[in-house]
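Survey of secondary and tertiary structure
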Amino acid sequence: MRYFNTAGPCNRADHYMIEPSTRLRGVEQLIDTKQYFVIHAARQSGKTTYLHDLTKRLNAGGRYYALCCSLETLQNIVDPREGIPEIVRTIKNTLEKQNIPFGTEFAKNPDYDNFSDMLNMELTLFCKILDKPLVILFDEADCLSDDTLILFLRQLRKGYNDRSFTPFVHSVALVGMRNIRDYSARVRHDSESFGSASPFNIITETYTLKNFTGEEIRELYLQHADETGQRFEDSAVDAVYGQTMGQPWLVNAIAREVIVKMLQSDYSKPVTGELVEEAIQTIILRRDTHIDSLLERLKEERVRNVVEPMITGDEEQTDESSDDYQYVLDLGLIRSENGTTVPANPIYGEVIARTLSAGYQKRIAASNPDYLIPRYLKDGRIDMDFLMKDFQNFWRDNSEIWKKRFDYAEAAPHLIMMAFLQRVINGGGQIRREMAAGTRRLDLCLVYENEKYPIELKLRRGPDTVKEGLVQTARYVDSCGCREGWLALFDLRKKTKWSEKLFIRKKAVDEITVYIVGL
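A short tour of the structure in this document, coming up. (Residues numbered from 1 in each chain as written. Predicted model: local features only at pLDDT ≥ 70, side-chain atom pairs only at ≥ 80, totals over all residues. Heavy atoms only, no water.)

Considerations on the overall build of the chain
Our working definition: For helices the rule is a DSSP run of H or I covering at least 4 residues; for strands it is a run of E covering at least 2, with both sets numbered from the N terminus onward. When accessible area is computed with a 1.4 Å probe and restricted to protein chains, residues below 20% of their type maximum are described as buried, those above 50% as exposed, and intermediate ones as partly exposed. Only heavy atoms matter for contacts: two residues are in contact if any of them lie within 4.5 Å across the pair. In this description, accessible areas are obtained by the Shrake-Rupley approach with a 1.4 Å probe, and a residue is regarded as covered only by the protein chains that are shown. Charge assignment: positive for Lys and Arg, negative for Asp and Glu; neither His nor the chain ends contribute. Where a charge lies is defined by one atom per residue type, namely NZ (Lys), CZ (Arg), CG (Asp) and CD (Glu).
Broken down by element type, the chain carries 18 helices and 15 strands. Seen through its C-alpha atoms, the chain measures out along the principal axes to roughly 85 × 65 × 40 Å. For the chain, the proportion of its 519 residues judged to be buried stands at 54%. Looking at the chain alone, contacts between residues at least 24 apart form 70% of all its contacts between residues at least 6 apart. Within the structure as shown, the chain displays about 23,300 Å² of accessible surface, and the carbon and sulfur contribution to it stands at 46%. Here the chain carries 69 positive and 77 negative side-chain charges, and the mean point of each set is 3 Å from the other.

Here is the structure:
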């Protein structure tokens, strides 16, 4: 029986899967016209599954010899004296494993000292003895770095340019997480010219492997229903798409969590929206390897340069044309929605917020162990006036010290408040978050016993901040289906006294009540 795969490439015999050939159009036309090109997508988006399928289809078609060759083992080999010979060995081993005809003839007597031309020469000699054109799909190509990457690409370019008079590889794909633009950024030296000598100027196209659509998710889950009789309710499919935006690993992981872990493979029970929501929370808290590997990236400065403005809503700090922005986009951590930078999906947004505020939350728990939901309950509802006054006191006593302790200093007000609220609500409730660069705010909504408490966070930037914040908060409160909400207004001016910063004022905006909480 097939299952939902969350580890490694998929295959039709063992796994439910979307037909790989439908996920990327136009690649075979590039191969037919002898093009060198790039395919990039975020981690665990189905790149290797697609490459294996493409390799099989090309070989079955009879026009080419196709080789899928992973360069993953060459990560961090920067010296081309070691890197280029290792690439040649990797190609040789892969040819033999994939049973390409004449594969044993490749690099039969290699000159490993001639690293500056070795790859080009061995591929040329090999292509001369083949009776069909050779296509090479280099998986994990972005594992190559520095001078190894430069020399690898330059030798490919040399063979490409010489193809009119000597055989060479018919078509090459460089496949990884990063776009060709980021290859350039990673090897650019002050003395390096990227004009006519550029090792990248033979790349004609760049393709991105997209996430699943809502219909593709439905199709994937229907495969399971057809084989087992266990159906996914519409609410479940909608919840999965809404929370994952079609990220393939998440789509499979949620289904596996519900079916195998929660329902214990009892196929008589349907998969409901409620079960999906519970599975999502489990995955978020468990931080599986896929999520953990992405969150490790948050420690990188170039990632912080993009993620921090997304949290604070500061569009002036977000340059979508920068190499940093493209890098974080390629990692799959963010996406652009109507010109606004947002988390790639709500699940990633949640784990980003929890990860960056975790240090604050631990310190809150250690210093103020009574900050839990029972402290703030009054007649079964959260006493928001009491909660906000507690946070005001906490912010006054700790903000200056804590802001200096963490890398995301500009987002400290937002992260500290999220940590405070997360600590409180962990006793029984939920926080919903909406962050987006360009909005100049962070929207939070506490949910406890089906009651919603909308909160909007803003930094005081000038005299118009309050007026703007009131309108935005009222709009957010209305979208939550509530009649009252809270505007947390952080005043970071150093010369303003705390007695002036800390206040709670009640304002009416149309039929919405907004409590301005000065901080």
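What to know about the nonpolar core
Heads up, the rule is: Nine residue types can take part in a nonpolar core, namely buried Ala, Val, Leu, Ile, Met, Phe, Trp, Tyr and Cys, and a core is a set of them joined through side-chain atoms within 4.5 Å.
Core analysis: the largest hydrophobic core is formed by 92 residues, its most contacted members being Y221, I382, F420 and I455. Here this core gets ten residues from one element, more than from any other, and that element is helix α16 (residues 412-425). The next biggest cluster of nonpolar side chains, apart from the first, holds 39 residues, and it includes C69, I100, F115 and I203.

Points about the sheet that holds strand β1 (residues 36-40)
The strands that make up a sheet pair up through hydrogen bonds in the backbone, lying either parallel or antiparallel. The condition that has to hold: Here, any two strands with at least 2 DSSP bridges between them count as paired. Between N-to-C directions, angles span 0 to 180 degrees; the directions come from axes that are lines fitted to C-alpha atoms, helices contributing only their stretch in contact.
One open sheet accounts for five strands, arranged β2-β3-β4-β1-β5; its pairing is parallel. Single-partner strands in this sheet number two, and they are β2 (65-70) and β5 (203-208). Adjacent strand axes in the sheet meet at a mean angle of 15° when their direction is disregarded. Relative to strand β4 (residues 171-176), β1 runs parallel, the two sharing five bridges. Paired with Y36 across the two strands is V172, which belongs to β4. Docked against the sheet, helix α3 (residues 80-97) engages β2 and β3 (134-139), running at close to 125° with respect to β2. Helix α5 (residues 146-161) rests against β1, β3 and β4 of the sheet, and its axis sits at about 160° to β4.

Read these as geometric descriptors, not functional statements.
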